[in-house]
Amino acid sequence: MGKSSKDKRDAYYRLAKEQNWRARSAFKLIQLDEQFDLFSFQEPHKCTRVVDLCAAPGSWSQVLSRVLIKGESFGRRAWMEKMQRLVDEVKLAEKMERNEDAELSEEMSKINLDEEKPTLQPRPNVKIVAIDLQPMAPLEGIIQLQADITHPSTVGRMLSALNPEKSEADYDLVDLVISDGAPDVTGLHDLDIHIQSQLLYSALTLAIRVLRPGGKFVAKIFRGKDVDLIYAQLKLLFRRVHIAKPRSSRASSIEAFVVCEDYTPIEGWTPDLGRPVDVPRPATTMTEEEIEALPEQTRTVREDGTVELTFPRREARKLHKDNRWIAPFLACGDLDAYDADATYKLPEGHVSLDPVQPPTAPPYKEAIEKRRTEGGMYGKTKNREGTPS
Ligand SMILES: C[S@@+](CC[C@H](N)C(=O)[O-])C[C@H]1O[C@@H](n2cnc3c(N)ncnc32)[C@H](O)[C@@H]1O
């Protein structure tokens, strides 16, 4: 497939190159932040310390670096600013209708100013650690570790990267752990889903070692047959668990993201990567009478106007009966955002750009080198005289 046709078929691939992101995944994190305010600026949820697991080639780390270190405006903040501009424009239009000329020119200059110069809001004391099996090209302000998140030694390496020169008793915890971990898919769905879930458990184990109470955990998940069991396990550790699908993630893919908020540690329990995550807490301690007394349905209107429905009695019954629980599903990303499954007409005069950061050590590198030097299955078929046909 030519570069231009890939640009056409995948709007996020094209946008990533135009906006200088190393991978189109950047948009997934930005759209998750739009919905869940992952990089909150407000206390007590303020976000300054983050671990990015399975981070290569580094587009999520780029988002972290640009939002937290440089203080640029993306995701939730950009969306709020956009909404504010819309409100300002409506007010302005109303004033124009009323012919309030004196105030008008002042208001107009304010709107233009905001659009041209979104103010940078860098945060103090930011710490970001990125971990991946693959080497990653350096990124400003990001501490990088090349490590396997399923290996027990990674816990110690991560802790000392986060807290150099500190003893375990003085470790500073982190506000957010994100994991975009994906195995090289085999096409055998059950196997892929199983390996993916093991990556998620490893990410969770690392997260529990460093998250502060109230912290957030976001991880890629493949929505397979028994995924509700994972949701139930996450619900034991976090007060709110959602399953989210950003618009930049293809609807045709089983990929989604668990967004877990408000971490509540289990006293006396420290998981380690040598053992599977076996949470020592019954899924629910409620009696049947207590469950029956729960409301059938609750309806909450969130700050941004989203209406959230929950079904406490039905959920508690499910947890009580077979330790299963269905996380509420949220599609996220502005409705104006590109649809990841649609093909778009390219803008006039479109020039296809090269990827921002080619992989530093892709697994296919050796095959490409062999193809260059050898023929046969690695390159063009040779004719009898030995020259490529
Ligand atoms: C989809 S990519 C991540 C993209 C990244 N979030 C970004 O925005 O550029 C998945 C990554 O998971 C990494 N990975 C898979 N298994 C891993 C493991 N056991 N330990 C560490 N990284 C792993 C792969 O090396 C790959 O770089």
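Please refer to the structure higher up on the page.
Bear in mind the structure is a predicted one, so any value in this text is a computation, not a measurement. (Residues numbered from 1 in each chain as written. Predicted model: local features only at pLDDT ≥ 70, side-chain atom pairs only at ≥ 80, totals over all residues. Heavy atoms only, no water.)

Draft legend 1. Inspection of the sheet that holds strand 4 (residues 174-179) at higher detail. Pairing within the open sheet is mixed, and its eight strands lie in the order 3-2-1-4-5-7-6-10. Because the sheet does not close on itself, it has two edges, and the strands there are strand 3 (142-146) and strand 10 (329-332). Direction aside, the axes of adjacent strands within the sheet are offset by 20° on average. Pairing geometry for strand 1 (residues 49-53) and strand 4, over four bridges, is parallel. Residue pairing across strands places Val 51 opposite Val 177, the latter belonging to strand 4. (Pairing = 2+ DSSP bridges. Helix = DSSP H or I, 4+ residues; strand = E, 2+ residues; numbered from the N terminus. Axes fitted to C-alpha atoms, helices over the stretch in contact; angles between N-to-C directions.)

Draft legend 2. Up close: the packing of helix 7 (residues 153-162) against helix 8 (residues 189-210). At their nearest, the axes of helix 7 and helix 8 sit 11 Å apart, and the two run at 40° to each other. Here helix 7 lies oblique to helix 8, going by the angle between them. As helix 7 packs across helix 8, the resulting crossing turns out to be right-handed. Contact with helix 7, carried on its side by Thr 154, Val 155, Met 158, Leu 159 and Leu 162, involves Leu 206, Arg 209 and Val 210 of helix 8 and no other residues of that element. When grouped by side-chain class, the residues that make up the contact of helix 7 with helix 8 number six nonpolar, one polar and one charged. (Parallel < 35°, antiparallel > 145°, perpendicular 65-115°, else oblique. Left-handed = near helix turned anticlockwise from the far one by under 90°. Contact = heavy atoms within 4.5 Å. Nonpolar A, V, L, I, M, F, W, Y, C, P; charged D, E, K, R; others polar.)

Draft legend 3. Representation of the pattern of salt bridges in the model. For the structure on display, the rule yields 14 salt bridges. One salt bridge in this structure joins Lys 82 and Asp 336, with 3.7 Å as the shortest N-O distance. Of this pair, Lys 82 sits in helix 5 (residues 75-98) while Asp 336 sits in the loop between strand 10 and helix 12 (365-373); the two residues are 254 residues apart in sequence, bridging distant segments of the chain. Here Arg 240 and Glu 261 are joined by a salt bridge, their closest N and O atoms 3.5 Å apart. Separated by 21 residues along the polypeptide, Arg 240 in strand 6 (residues 238-246) and Glu 261 in strand 7 (residues 255-263) bring together distant segments of the chain. Residue class for Arg 240 comes out partly exposed when judged on its relative accessible area of 39%. One salt-bridge network, in which partners are shared between bridges, spans Lys 28, Asp 180, Lys 220 and Glu 255. (Salt bridge = Lys/Arg side-chain N within 4 Å of Asp/Glu carboxyl O. Buried < 20%, exposed > 50% of the residue type's maximum accessible area, 1.4 Å probe, protein only.)

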